[in-house]
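Observations on the three-dimensional arrangement
The residues making up each chain are set out below.
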Amino acid sequence: MIKKLLLFLLCLGCVTTYAETIKTDVLVIGGGASGVSAAIQSARSKVKTLLIEQGNWLGGSLTSSGYCYLQSNRNFPSGIYGEFRKRVVDVYKLRLGYDTTATAPLAFEPAMGAAILKKLTDTVKNLTLKLNTPFIDVKKDGTGWEVTIVENKGKVTVKAKALIDATEMGDVVSKLNVLMTAGFDSRADTKEALAPANATNQIEDISYISILKDFGRNTDHTISKPEGYDALKYVCLKSVDIKKMLNATKLPNDKYMVNWDNCASQYSVTSEDLRPEHRAESFAKARLHTLGLIYYLQIERGLKNLGFADDFKTADHLPYQPYIRENRRGAGLVRMVIDDIYTPYDRGSQLYRTAIAVSDAVPGQHYSEAGVPHINYPPFPAFSIPLGAIVVKDQENLFITEKALSVTHLVNGAVTDPAVQMTLGQGVGAAAAFCVFFGTTTKNLQPRVIQGEILDFKGYLMPFADIKQSDPAWRAIQQVGATGMLKGVQKITGSKADVLFMPDSLVTTAEVKPFFDEIYSRSFIWFNQEKPGQFFTVGNLISFISNMNLRDPENLRDALQKSWKSYYKFDTEFKPDRPITRREFAVLANRFINPFARKVDMSGKILN
């Protein structure tokens, strides 16, 4: 009897031990915009993925912070972000007045956004989701990771081959020996001409966004006077058109997202204020500031008909967490600087060749503290985010996103927008899955393989605003653009600059010769013999392809003539002696030369 009891207890111990350890390929900590996207892509890339989120909603800034009016990346419905956009529009498209145009701002209610993301994750194979599940410890486990989480009030160990820190404030890497920086970088450090002379630890303000609802004339939804309320704190709103501001970010069902600058929603913090031990106090003060704003609108501006919507089940009806614009940034394999955005083709490193996502967001300068340096950004171009910025330096198989991304302060404001983070998360998930699928580590990442996976799932690499995904040449142009064979052209529109491919423009010999010389040892000989004119012709490209691939030029010419419109979908006539367009060049070069197949390192250098 005693032997049987001992055997039973031994078996029970084994079962308990097994139940307390979870093994997965990729672990994503943080269910925000980037975390959800990373987890979905990782799972779709056929590796076992676990996504944990300490709250009860997915979406992070998109939902739990109430940032539910998205204006960035409207021209780039990239992959998973494009899916999310479509699902949101499908929910609201029959509502009177809802703007369904492809490039309209994306407006939705926070609770609906969270429900859409939850439903989206529920449809993905290889993906397990655990809500209300915080992590409390992380340590290295060989080339992988061991993370302690809390589930059902008990500690559980998770062993993962690759780990993604998708927390809003870089809480995973903060527990490790990872170099972190915060605030303004100095000009001497980053070599950025726009950077201030001296570094500071001042980061962008946080905001408690409020979701208000118009309950109709003659209703009174005045809240109790908040502790420490002072109407003078909101003096910047004294003479502004409040109704115009409300309508600028109107949501469905007579709701409004209030996330106003300056004295309104912003609350000044430093990176020290956002450390775990100081957050509760900082967040409590920020909540009171926003409650004071609402009380001001109701009492001083007479908008008693405005009250809190019911999206958030908190005591004060404010979001579950503040909107965080910036925190400490991790050290990655590369650090993206502002010149990688303004002059991507003119630098020693060619980081655009390692692109995994795009952004058209403009950096914000949200500071209510006096004396903070103001940056006079020239018109800000759309840009690509490089692979090396998400890979933690000196830590195998550890990836970062959200506010911990390896960028300078000047770049940070253009990459932390939730729409951009959802776009970026897909690239992060593809990179993590690469390590697992090929049984390797971040020391051996292959940008071209990862980029191919992103493209397979309709993700953007290059921010060409004039080439839509429906264009039959979209993938060819994305791939050729990522090589630098044909470069994007910036076109200024106000404070921004679109990056255009200009598919109907003519290809000049001067723009393609440097690239050909870089990757083909015989290119110099061909140019000396062929001597192409100012504009590269269709015949020139046929000759070059034939020479490099040792293919009979007459056969190639005949084949192209037969398939010019039927297969390649060109709407021009086949004439070998005319200048070739950028669209034609990209499609044919991608098909017959395939420059995208050339490997590149993490700096974008082509490996011959």
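The structure presented is a predicted model; accordingly, all values stated were derived computationally and were not measured.

1. As for the side chain of Thr581
Checked against the element boundaries, Thr581 lands in the loop between helix H17 (553-563) and helix H18 (582-592). Aside from chain neighbours lying at most four places away, what touches Thr581 is Pro503, Asp504, Ser505, Leu506 and Val507.

2. What to know about the packing of helix H11 (residues 418-437) against helix H12 (residues 447-456)
As a packed pair, H11 and H12 sit with axes 9 Å apart at the nearest point and diverge in direction by 130 degrees. As judged from the angle between their axes, H11 and H12 are oblique. Note that H11 runs across H12; the crossing there is right-handed. Between H11 and H12, the residues in contact are Gln426, Gly427, Ala430, Ala431 and Phe434 and Val449, Ile450, Glu453 and Ile454, respectively.

3. Digging into the sheet that holds strand E18 (residues 380-381)
Strand order in the open sheet formed by three strands is E18-E22-E21, with mixed pairing between adjacent strands. Both edges of this open sheet fall to E18 and strand E21 (489-493), since each of them pairs with a single strand only. When E18 meets strand E22 (residues 496-500), the two strands line up parallel, connected through two bridges. Residue Pro381 lies in a different strand from E22, and its bridge partner there is Ala497.

4. Focus on empty space enclosed by the protein
Enumeration over the complete set of coordinates arrives at two cavities of 30 Å³ or more. Considering only residue class, the lining of the largest cavity consists of four nonpolar, four polar and one charged. Taken as a whole, the second largest cavity encloses approximately 30 Å³ of empty space. Along the walls of the second largest cavity sit Ala33, Gly59, Ser61, Leu62, Glu168, Glu402, Lys403, Thr416, Pro418 and Gln421, which together make up its complete lining. When the residues that make up the lining of the second largest cavity are grouped by side-chain class, the tally is three nonpolar, four polar and three charged.

5. Some words on the packing of aromatic side chains
The tally for this structure, following the rule as stated, stands at 35 aromatic pairs. Here Tyr92 and Tyr98 contribute two aromatic rings whose centre-to-centre distance is 5.4 Å and whose plane-to-plane angle is 25 degrees, an arrangement assigned as stacked. Here Tyr92 matches Tyr98 in class, with each residue buried. Between Phe380 and Phe383, the ring centres sit 6.1 Å apart and the planes meet at 85 degrees, which makes this aromatic pair edge-to-face. In this structure, Phe380 and Phe383 share a single accessibility class: buried. Here the aromatic residues Phe516, Tyr520, Trp526, Phe527, Phe536, Phe544 and Phe585 are joined through ring pairs into a cluster of three or more. Against the face of Phe527 rests Lys513, its NZ or CZ located 5.2 Å from the ring centre.

Each value, and the rule that gives it
- For every chain, the first residue of the written sequence is number 1, and numbering continues from 1 along that sequence.
- In view of the model being predicted, local features appear only for residues whose pLDDT reaches at least 70, and side-chain atom pairs are presented and counted only at 80 or more, with totals across whole chains, interfaces and linings using the full set of residues.
- To get the side-chain values, take all heavy atoms of the structure and skip hydrogens and water.
- A run of DSSP states H or I qualifies as a helix once it reaches four residues; a run of E qualifies as a strand once it reaches two. Both are numbered from the N-terminal end.
- Residue contacts are counted whenever heavy atoms from the two residues lie within 4.5 Å of one another.
- For helices, the fitted axis covers only the stretch in contact; all axes are lines through C-alpha atoms, and the angles between them, taken along N-to-C directions, range from 0 to 180 degrees.
- Oblique is the label for every angle not falling under 35 degrees (roughly parallel), over 145 degrees (roughly antiparallel), or within 65 to 115 degrees (roughly perpendicular).
- Two helices that cross are described as forming a left-handed crossing if the nearer one is turned anticlockwise from the farther one by less than a right angle, and a right-handed crossing if clockwise.
- In short, DSSP must find at least two bridges between two strands for them to pair.
- The pocket and cavity definitions rest on a 1 Å grid over protein atoms only: a 1.4 Å probe that fits but cannot leave marks a cavity, an open set with protein on both sides within 12 Å along at least five of seven lines marks a pocket, and residues lining either have an atom within 4 Å of a point.
- Grid points are joined across faces, edges and corners, and a volume is the space filled by probe spheres set on the points.
- Three residue categories are used. Nonpolar comprises Ala, Val, Leu, Ile, Met, Phe, Trp, Tyr, Cys and Pro, charged comprises Asp, Glu, Lys and Arg, and polar comprises the others, including Gly.
- Only centres within 6.5 Å qualify two rings of Phe, Tyr or Trp (six-membered ring in Trp) as a pair; their planes then separate them into stacked at under 30 degrees, edge-to-face at over 60, and tilted for everything else.
- For each residue, the accessible area found with a 1.4 Å probe, counting protein chains only, is set against the maximum for its type, and the residue is called buried under 20%, exposed over 50%, and partly exposed in between.
- Geometrically, a charge over a ring is one whose NZ (Lys) or CZ (Arg) sits within 6 Å of the ring centre while staying within 35 degrees of the ring normal.

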